[in-house]
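# A structural walkthrough
Chain by chain, the residues run as shown.
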Amino acid sequence: MTDYEKSNAIEVVDYTRLSHKEYNDLLDCKGNRQHYAQKLVDYLCDKYKISRIPVRVVNTPRPHNARKQTYGMYKYGISSKKGISITIWNVTAKTGKEVAIKTFAGTLLHEFIHHYDTEYLQFTSTHTAGFYKRISDLQKKLG
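The sections below set out a description of the structure shown in this document. (Residues numbered from 1 in each chain as written. Predicted model: local features only at pLDDT ≥ 70, side-chain atom pairs only at ≥ 80, totals over all residues. Heavy atoms only, no water.)

### Section: the overall build of the protein
For clarity, the cut-off: Numbering goes from the N terminus for both helices and strands, where a helix is a DSSP run of H or I of at least four residues and a strand is a run of E of at least two. Each residue is assigned to one of three classes by its accessible area relative to the maximum for its type, calculated with a 1.4 Å probe on protein chains only: buried under 20%, partly exposed between the two thresholds, exposed over 50%. By definition, residues are in contact when any of their heavy atoms lie within 4.5 Å. All accessible-area figures derive from a Shrake-Rupley calculation using a 1.4 Å probe, and residue coverage is judged against the displayed protein chains alone.
Within the protein one finds five helices and three strands. Each helix (α) and strand (β) of the protein, taken in turn from the N terminus, gives the series α-α-α-β-β-β-α-α. Per-residue burial for the protein yields a buried fraction of 44% across its 143 residues. Across the protein, the fraction of contacts at a sequence separation of at least 24, relative to all contacts at a separation of at least 6, is 66%. Of the accessible surface of the protein, which amounts to about 8,000 Å², a share of 52% is contributed by carbon and sulfur atoms.

### Observations concerning helix 5 (residues 129-142)
Convention followed: Multiplying 1.5 Å by the helix residue count minus one yields the expected span of that helix. To be clear, the arc concerns the directions from the helix axis to the C-beta atoms.
In this model helix 5 runs 20 Å from its N-terminal to its C-terminal C-alpha over 14 residues, within 8% of the 20 Å that 1.5 Å per residue would give. All of the buried residues in helix 5 are Gly130, Phe131, Arg134, Ile135, Asp137, Leu138, Lys141 and Leu142. One side of helix 5 carries all its buried residues, which in axial view fall inside an arc of 165°. Against the buried residues of helix 5 lie helix 1 (3-9), helix 2 (21-28), helix 3 (33-48) and helix 4 (101-121).

### Structural notes on helix 2
For helix 2, the complete set of buried residues consists of Glu22, Tyr23, Asp25 and Leu26. Taken down its axis, helix 2 places every buried residue within 160° of arc, on the same side.

### Some details on the pairing of strand 3 (residues 85-91)
Rules: Two strands pair under a simple rule: DSSP has to find at least two bridges between them.
Counted residue by residue, strand 3 has seven buried out of seven residues, so it is predominantly covered. Sheet analysis places strand 1 (residues 55-61) next to strand 3, joined by five bridges and oriented parallel. Across the sheet, the residue bridging to Arg56 is Thr87, located in strand 3. With four bridges connecting them, strand 2 (residues 72-75) and strand 3 associate as antiparallel partners. Looking at strand 3, one finds that Lys75 is bridged to Ser85.

### Considering the packing of aromatic side chains
What describes a pair of aromatic rings is the distance from one ring centre to the other and the angle between the planes of the rings. In plain terms, the rule: The aromatic pairing rule takes the rings of Phe, Tyr and Trp, using the six-membered ring of Trp, and pairs them if the centres are within 6.5 Å, calling planes under 30 degrees apart stacked, those over 60 edge-to-face and the rest tilted.
Evaluation of the coordinates by the stated rule reveals seven aromatic pairs. With a centroid separation of 4.9 Å and 25° between ring planes, the pair formed by Tyr116 and Tyr120 is classed as stacked. Of this pair, Tyr116 and Tyr120 both sit in helix 4, four residues apart, which is roughly one turn of that helix. Look at Tyr116 and you get buried, because its relative accessible area is 0%. Ring centres of Phe131 and Tyr132 lie 5.2 Å apart, and the angle between their planes is 90°; on these two criteria the pair is classed as edge-to-face.

### Some remarks on the sheet that holds strand 3
Rules: For helices, the fitted axis covers only the stretch in contact; all axes are lines through C-alpha atoms, and the angles between them, taken along N-to-C directions, range from 0 to 180 degrees.
Pairing is mixed across the open sheet formed by three strands, whose spatial order is 1-3-2. Strands at the two margins of the open sheet, each flanked by one partner only, are strand 1 and strand 2. Between one strand and the next, the sheet's axes are offset by a mean angle of 20°, whatever the strand orientation.

### Quick word on the environment of Arg134
Formally: Under this definition, polar contacts are N or O atom pairs within 3.5 Å; protein pairs additionally need one hydrogen-donor-capable and one acceptor-capable atom, and for neighbouring residues in sequence, both atoms have to be side-chain atoms.
Position of Arg134 among the secondary structure elements: in helix 5. By relative accessible area, Arg134 is classed as buried at 0%. Not counting the four nearest positions on each side in its chain, Arg134 is found in contact with Ser7, Ile10, Glu11, Val12, Val13, Ile113, Tyr116, Asp117, Leu121 and Phe123. Within the local environment of Arg134, its side chain forms a polar contact with the side chain of Asp117, the two groups lying 2.8 Å apart.

Here is the structure:
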């Protein structure tokens, strides 16, 4: 079975009981998104017993072109864990305003699922229907 097929077949994340506190703290934060984003990702990494990953919140406009906009990025090391990180752009490309907190949180969970796929499920993370269903399932379990 290919990684694409594996990714497509898995529609839920493990565990039904997840703390709501870290996610709600992020949604309610009035300022330091970096702190609350890192706190949520640390909680999830600890829960799934995978390596913690640094989160960078960038307060510059996110990259975009005519076809797509980039909200976040998961970077992983090809031959080692060195350099692994999540980057979230916190400023819109067009208006230069802070990204809506629900968009920010959704992007963070999207990038975390790449990490979950890579380390917990142990396959190359691919944007499949299953990938997006895992994001939705995680969001429901956290909210």
